[in-house]
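Observations on the model geometry
If you want the building blocks of each chain, they are given just below.
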Amino acid sequence: MAERIWTIEQKQCIEARGGTVLVSAAAGSGKTSVLVQRVVERIADRDNPLDVDRLLVVTFTKAAAAEMKQRLSAALAERIAENPTDMHLQRQQMLVPRANISTVHGFCANLLREHFHLLDISPQFRIAEEGEISLLREEALSEVMEECYAEESPIFMELASLLGSGRDDRGIWQAVRRIDGFIQSHPFPEDWLEDKI
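Values in this document were obtained by computation on a predicted structure and should not be read as measured data.

Before going further, it helps to spend a moment on the confidence of the model for the protein. Note that predicted coordinates carrying low pLDDT should not be read in detail. Confidence in the prediction of the protein, expressed as mean pLDDT, is 89, and 98% of residues score 70 or more. Element-level mean pLDDT values for the protein span from 87 in helix 8 (residues 154–163) up to 94 in helix 4 (residues 87–95).

Given below as structure tokens:
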């Protein structure tokens, strides 16, 4: 297999030592290849070899995490083929399934599961799917709207009259969804909202 030629920036990411490395680049720019190469180089480092299960590699999608593990396994297989007596590399190949390569959500969920007893939460918690979250949001909005109509607050009634079409509340619902989406895009949405009120 032909050796890959890395750009200067990619080489810097692969070879950086002594701290945390954050790789941010456009789709299709080779992030996964760079990260896999970085991990392989850290594992195969003759002076300071690392075990793959002692590294933390975080990606944004489950697909990217799975692809990273697959590529890492393939890259290790290539290295082992070049040096079949290297017991360290063979051990790393066996440790790949246990490697901490996951999404941000996956990493956080594992951390919570390991320390649930310190946080006073159930170890049986799970991360809601996007569809479930959407349903819960809609139910919550529906309940709040019903309460507001029941209270007949003058401010709410004026808002309903401004945003409503007279026949339904679609305008209010759309406005609330847009505002919620905007607020949730901030790192600390409640703090941001409190600051703006």
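A few words on unusual backbone geometry. With a phi angle near 60°, Asp120 is a residue other than glycine that sits in the positive phi range. Note on placement: Asp120 falls in the loop between helix 6 (116–119) and helix 7 (130–151). On the basis of relative accessibility, which here comes to 73%, the residue Asp120 falls in the exposed class. Positive phi values are uncommon outside glycine, yet Glu152 reaches one of about 50°.

Quick look at the packing of aromatic side chains now. Taken as a whole and judged by the stated rule, the model has 2 aromatic pairs. For the pair Tyr149 and Phe156, a centre-to-centre distance of 4.9 Å together with 85° between the ring planes defines the contact as edge-to-face. When the centroid spacing of 5.4 Å and the interplanar angle of 75° are considered together, the rings of Phe182 and Trp192 count as edge-to-face. Taken together, the residues Phe182 in helix 9 (residues 170–184) and Trp192 in helix 10 (residues 189–196) connect sequence positions 10 residues apart. Since its relative accessible area comes to 23%, Trp192 is described here as partly exposed.

Now for a negative patch on the surface. A surface patch of negative charge is lined by Glu139, Glu143, Glu146, Glu147 and Glu151. In this fold, Glu143 is placed in helix 7. The class for Glu143 is partly exposed, based on a relative accessible area of 48%.

Parameters and conventions
- Residues numbered from 1 in each chain as written.
- Predicted model: local features only at pLDDT ≥ 70, side-chain atom pairs only at ≥ 80, totals over all residues.
- Heavy atoms only, no water.
- pLDDT = per-residue confidence, 0-100.
- Helix = DSSP H or I, 4+ residues; strand = E, 2+ residues; numbered from the N terminus.
- Buried < 20%, exposed > 50% of the residue type's maximum accessible area, 1.4 Å probe, protein only.
- Phe/Tyr/Trp six-rings, centres within 6.5 Å; stacked < 30°, edge-to-face > 60°.
- Patch = residues over 30% accessible without salt bridge, like charges linked within 9 Å, V, L, I, M, F, W, Y side chains within 5 Å.
- Areas by Shrake-Rupley, 256 points an atom, 1.4 Å probe, with all protein chains shown as cover.
- Salt bridge = Lys/Arg side-chain N within 4 Å of Asp/Glu carboxyl O.
- Lys, Arg positive; Asp, Glu negative; His and termini not counted.
- Charge placed at Lys NZ, Arg CZ, Asp CG, Glu CD.

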